[in-house]
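# Remarks on the overall topology
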Amino acid sequence: MALKETPSQTAGPFVHIGTVPAIAGLKTKRTEPGNILARDGTLGERIRIEGLIYDGAGDLVKDALVEIWQANANGQFGSNDFSGFGRAAADFETGLFFFETVKPGKTPYRDGRMQAPHVTLSIFARGINIHLQTRLYFSDEANAADPVLQLVGAPDLVATLIARRDPSRPLYRFNIHLQGDRETVFFDL
Amino acid sequence: MSAPAEFLPRDRAWHPAAVPSAYRSTTYRSPRRPLVIVPQSIGELSGPVFGDTPLDPLDNDLIRNYATTGDAIGERIIVHGRVLDESARPVPGALIEIWQANAGGKYRHGNDKYMAALDLNFGGGGRVISDGDGAYSFRTIRPGPYPFPNDGCAWRPAHIHLSIFGHAFVQRLVTQLYFEGDPLIQRCVIVNTIKDPKAIDSLVAKLDMESMQAFDCLAYRFDIVLRGHKATPFAGS
């Protein structure tokens, strides 16, 4: 019997209550899953990813929830010592979201070619009827041969997916534009 | 090495589109360019696994999980059902997180400015993991409708938000359930971002008298369907 997928609805502005309750101001012992993925002993280069989300009017989206999914430093998903999943709320005042994680390794594309290191992101918020999915690539990696970036094609579109490394520390800045001239490329996976 | 089985493509005409609509919050938050279709590789076919997450016994009891002086106020209800894939196979080990307003339509959240009263015995968040048959159950109170600004004042029908993790990143889903018979459903601009009436009906939890708890709780039934695999090609031929 074939069923239809349950249709999506917006996460709304109060998504924190069910997903990151402490951010909503609820007293909770829950800490997982959070935005700190790198632990003692986690293999790989420690990095920080941070960014802002802008709407089509240029205003900051301060009620978004961002989830990431990535491989470990060896390019493996779901290894025992590194979950690869993180969840961060945009700050209610500044709009900033951040993750402390490790730089992922290369991973195989469906046809066996290798994909450049990347992190997949999902964005949930009021006004977003079905979560938006995108990828973050790293400015200091060889991205030109990446099969997915080749699908994206035009350099100005590819540029929306490249996080810039800070010159002085292992920090990557990745701003997301939901709409407009600098609109981020979003994927249907 | 054979690649893992792919999932069926998402039917984007069945889901609400990310386009501007009568739901005004979409105006500046909906991308204009078409989505880029990406083949599913290992990163899309794997996903975070929560089936072994240690949960607190009260995590799926919203009447008591944030209570301090007594049970939460409101109509006591059970919401239960199964998590299935598009082939109607059960999805065990799925993490379901929920959040909702209290009986008066007020969220326990600093950003909710609605005048209705808080219930200090009600937090409004919970979670559960589906069992081997894909079954799940919450006990909670029926949330109240509430107003929000949208071309003046619009009203949300009573609803519970759900976030679901299946077994693969591509099965990720966030949605809302509504309650059978609520006259606000058809008037809601957020519900009506979905075009197909059958799709809307699939978000309406049905009164389930067989599962009520005598002299305690009414029950509502709500099944969740996650993306399923494409038919596997005959191997080894």
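The rules behind each value
- Residues numbered from 1 in each chain as written.
- Chains lettered and ligands numbered in written order.
- Predicted model: local features only at pLDDT ≥ 70, side-chain atom pairs only at ≥ 80, totals over all residues.
- Heavy atoms only, no water.
- Helix = DSSP H or I, 4+ residues; strand = E, 2+ residues; numbered from the N terminus.
- Rg over C-alpha atoms; globule rule 2.2 N^0.38 Å.
- Buried < 20%, exposed > 50% of the residue type's maximum accessible area, 1.4 Å probe, protein only.
- Areas by Shrake-Rupley, 256 points an atom, 1.4 Å probe, with all protein chains shown as cover.
- Contact = heavy atoms within 4.5 Å.
- Buried area = accessible area lost by both parts, 1.4 Å probe.
- Salt bridge = Lys/Arg side-chain N within 4 Å of Asp/Glu carboxyl O.
- Polar contact = N/O pair within 3.5 Å; in protein donor to acceptor, adjacent residues only side chain to side chain.
- Pairing = 2+ DSSP bridges.
- pLDDT = per-residue confidence, 0-100.
- Axes fitted to C-alpha atoms, helices over the stretch in contact; angles between N-to-C directions.
- Patch = residues over 30% accessible without salt bridge, like charges linked within 9 Å, V, L, I, M, F, W, Y side chains within 5 Å.
- Phe/Tyr/Trp six-rings, centres within 6.5 Å; stacked < 30°, edge-to-face > 60°.

A tally of regular secondary structure across chain B gives two helices and twelve strands. Going residue by residue from the N terminus, the α and β elements of chain B occur as β-α-β-β-β-β-β-β-β-β-α-β-β-β. For 237 residues, the compact-globule formula gives about 18 Å, and the C-alpha radius of gyration of chain B, at 19 Å, lands near that figure. Principal-axis analysis of the C-alpha atoms places the extent of chain B at approximately 65 × 40 × 30 Å. Across the 237 residues of chain B, 53% fall into the buried class. When the accessible area of chain B is evaluated, it comes to approximately 10,600 Å², of which 59% is carbon and sulfur surface.

Time to look at the interface of chain A and chain B. Contacts between the two partners involve 68 residues from chain A and, on the opposite side, 80 residues from chain B. Buried surface at the junction of chain A and chain B, both sides included, amounts to about 6,700 Å², of which 56% is carbon and sulfur. Together, E5, Q9 and R110 of chain A form the three largest contributors to the area buried by chain A at its contact with chain B, with a combined 13%. Across the contact surface, chain A and chain B share eight salt bridges. At the boundary of chain A with chain B, the tally comes to 35 residue pairs in polar contact (both at pLDDT 80 or more). For the side of chain A that touches chain B, the elements supplying multiple residues, two or more each, are α1 (16–19), β3 (65–70), β4 (85–89), β8 (118–124), β9 (132–138), α2 (147–152) and β13 (187–188) of chain A.

As a further point, take the pairing of β3 of chain A. Residue and element names in this part refer to chain A. The buried count for β3 comes to six of six residues, which makes it a mostly enclosed element. Residues of β3 alternate between two faces, with L65, E67 and W69 on one and V66, I68 and Q70 on the opposite face, all of them buried. Pairing of β3 with β4, which is carried by five bridges, proceeds in the antiparallel orientation. Counted as the bridge partner of W69 is F85 from β4. Across six bridges, β3 lies against β8 in antiparallel orientation. When the sheet's bridge partners are listed, V66 is paired in β8 with I123.

Confidence in the prediction of chain B, expressed as mean pLDDT, is 95, and 96% of residues score 70 or more. The ipTM assigned to the predicted complex is 0.96, against a pTM of 0.96.

Residues and elements named next belong to chain A. Strand order across the open sheet formed by eight strands is β4-β3-β8-β9-β10-β11-β1-β5, with mixed pairing between neighbours. Two strands in the sheet have a free side with no partner beyond their single neighbour: β4 and β5 (97–102). For this sheet, the mean angle separating the axes of adjacent strands, direction not counted, is 30°. By the bridge criterion, three bridges tie strand β1 (residues 46–51) to strand β11 (residues 171–173) in an arrangement that is parallel. Residue pairing across strands places R48 opposite L171, the latter belonging to β11.

Moving on, we get to a nonpolar patch on the surface. Together, L207, M209 and M212 of chain B make up an exposed nonpolar region whose accessible area comes to about 270 Å². Checked against the element boundaries, L207 of chain B lands in strand β10 (residues 204–207).

Turning to the pairing of strand β3 (residues 95–99) of chain B, a few remarks are in order. Residue and element names in this part refer to chain B. The element β3 is largely enclosed, with a buried count of five among its five residues. Of the two faces of β3, both are covered, the one formed by L95, E97 and W99 as well as the one formed by I96 and I98. Of the strand pairs in this sheet, β3 and strand β4 (residues 125–129) are connected by five bridges, and their pairing is antiparallel. Bridge assignment links I98 to a residue of β4, and that residue is G126.

The next thing to look at is the environment of R187 of chain B. All names here are of chain B. With respect to the helices, strands and loops of the structure, R187 is situated in the loop between β9 (173–179) and α2 (197–201). Given the relative accessible area of 59%, R187 is considered exposed. Each C-alpha atom of the pair R187 and L95 lies 31 Å from the other, and the pair is 92 residues apart in sequence.

Moving on, we come to the packing of aromatic side chains. Counting across every chain of the model gives ten aromatic pairs over all chains. Ring geometry for F14 of chain A versus Y107 of chain B: centroids 4.4 Å apart, planes at 35°, classification tilted. With one member in each of two chains, F14 of chain A in the segment before α1 and Y107 of chain B in the loop between β3 and β4 form a pair that bridges those chains. By relative accessible area, Y107 of chain B is classed as buried at 1%. Where F179 of chain B meets Y220 of chain B, the ring centres are 5.0 Å apart and the plane angle is 85°; that geometry is what we call edge-to-face.

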